[in-house]
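Remarks on the overall topology
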Amino acid sequence: MNEELNSIEDNNTWSLVELPQGKKANDVKWKEIKDFKGDLSKEFEMSDLGDISYFLGIEFYKISRCFVMHQRGYAGEILKRIEMEECNSTTEPAEPRLQMSKDVDEDDVDATQYRRLIGSLRYLCHMRPGLAYSVGMVSRFMQKPNVSHIAAEKRILRYLKGTLDYGILIPASDKGKECKLVGYTDSS
């Protein structure tokens, strides 16, 4: 696990930023959550399963001064399903200046499998925004994919293979050893 944390910190995958001016933070109040769970348990039969470790394909690890979220297991399942778990990795999800088109001279591929893989890759984009551009590019050709499009998908999978240990590191705040997650959104 320490190797994963060092990798995330060394690659500067995520960084903390100041809240933009005019935005409000959604601050999690742990006492309010505890009280809410107590109220729910009075009305419904329920049990507390403890700290989260896995939810919807996202794995969670809590380490002394930080919290790590990643999708290594889900990404590994995708590679296994496509039979690419032993493939060579690459450092970029797409070739630089890649131009894709609806070339009618190329052989078509199974559109159902292509779409299924696009869906799996799109789900990974929630935790891996670096994949979003490449996945968006290959998503444009879901109606009638051909050999070059599947090659671009495989390039993304090779990148995924090399970055299985990437995730989101949420460091503890400077105040004590409390891990505080604050988020904001703009719904307008």
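The structure we're discussing is the one just above.
Described in the following lines is the structure provided in the data block. These numbers come from a predicted model, not from an experiment. (Residues numbered from 1 in each chain as written. Predicted model: local features only at pLDDT ≥ 70, side-chain atom pairs only at ≥ 80, totals over all residues. Heavy atoms only, no water.)

**Quick word on the overall build of the protein chain**
What the protein chain contains, in helices and strands, is six helices and six strands. What you see in the protein chain, going N to C, is helices and strands ordered as α-β-α-β-β-β-α-α-α-α-β-β. Out of the 188 residues in the protein chain, the part that is buried amounts to 30%. Surface accessibility of the protein chain: about 13,500 Å² in total, with carbon and sulfur atoms responsible for 50%. (Helix = DSSP H or I, 4+ residues; strand = E, 2+ residues; numbered from the N terminus. Buried < 20%, exposed > 50% of the residue type's maximum accessible area, 1.4 Å probe, protein only. Areas by Shrake-Rupley, 256 points an atom, 1.4 Å probe, with all protein chains shown as cover.)

**Some points on the side chain of N146**
Mapped onto the fold, N146 is located in the loop between α5 (132-139) and α6 (147-162). A relative accessible area of 2% places N146 in the buried class. Excluding anything up to four places from it in sequence, N146 contacts S101, D103, E106, D107, D108 and V109. (Contact = heavy atoms within 4.5 Å.)

**Considerations on α5**
Listed as buried for α5 are S134, V135, M137, V138 and S139. For α5, the elements touching its buried residues are α4 (111-124) and α6.

**So, the sheet that holds strand β2 (residues 54-55)**
As summarised here, the arrangement of the four strands in space is β2-β3-β4-β5, forming an open sheet in which the pairing is antiparallel. Edge strands, defined here as strands with exactly one partner in the open sheet, are β2 and β5 (167-171). Sheet topology places β2 next to strand β3 (residues 58-63); two bridges connect them, and they run antiparallel. If you follow Y54 over to β3, its bridge partner there is E59. (Pairing = 2+ DSSP bridges.)

**Some points on unusual backbone geometry**
As a rule of thumb, non-glycine residues mostly have phi less than zero, and peptide bonds are mostly trans rather than cis. The phi angle at L56 is positive, at roughly 50°, despite the residue not being glycine. With respect to the helices, strands and loops of the structure, L56 is situated in the loop between β2 and β3.

**Remarks on the nonpolar core**
In this structure, L121, L124, L131, V138 and L157 are the most contacted members of the largest nonpolar core, which totals 24 residues. When neighbours within four sequence positions are excluded, L124 is seen to be in contact with Q71, Y74, A75, I78, L131 and L160. By size, the runner-up hydrophobic cluster in this structure holds seven residues, among which are F67, M69, I168 and I170. (Core = buried A, V, L, I, M, F, W, Y, C linked by side-chain atoms within 4.5 Å.)

By themselves, these are just geometric observations and shouldn't be taken as functional.
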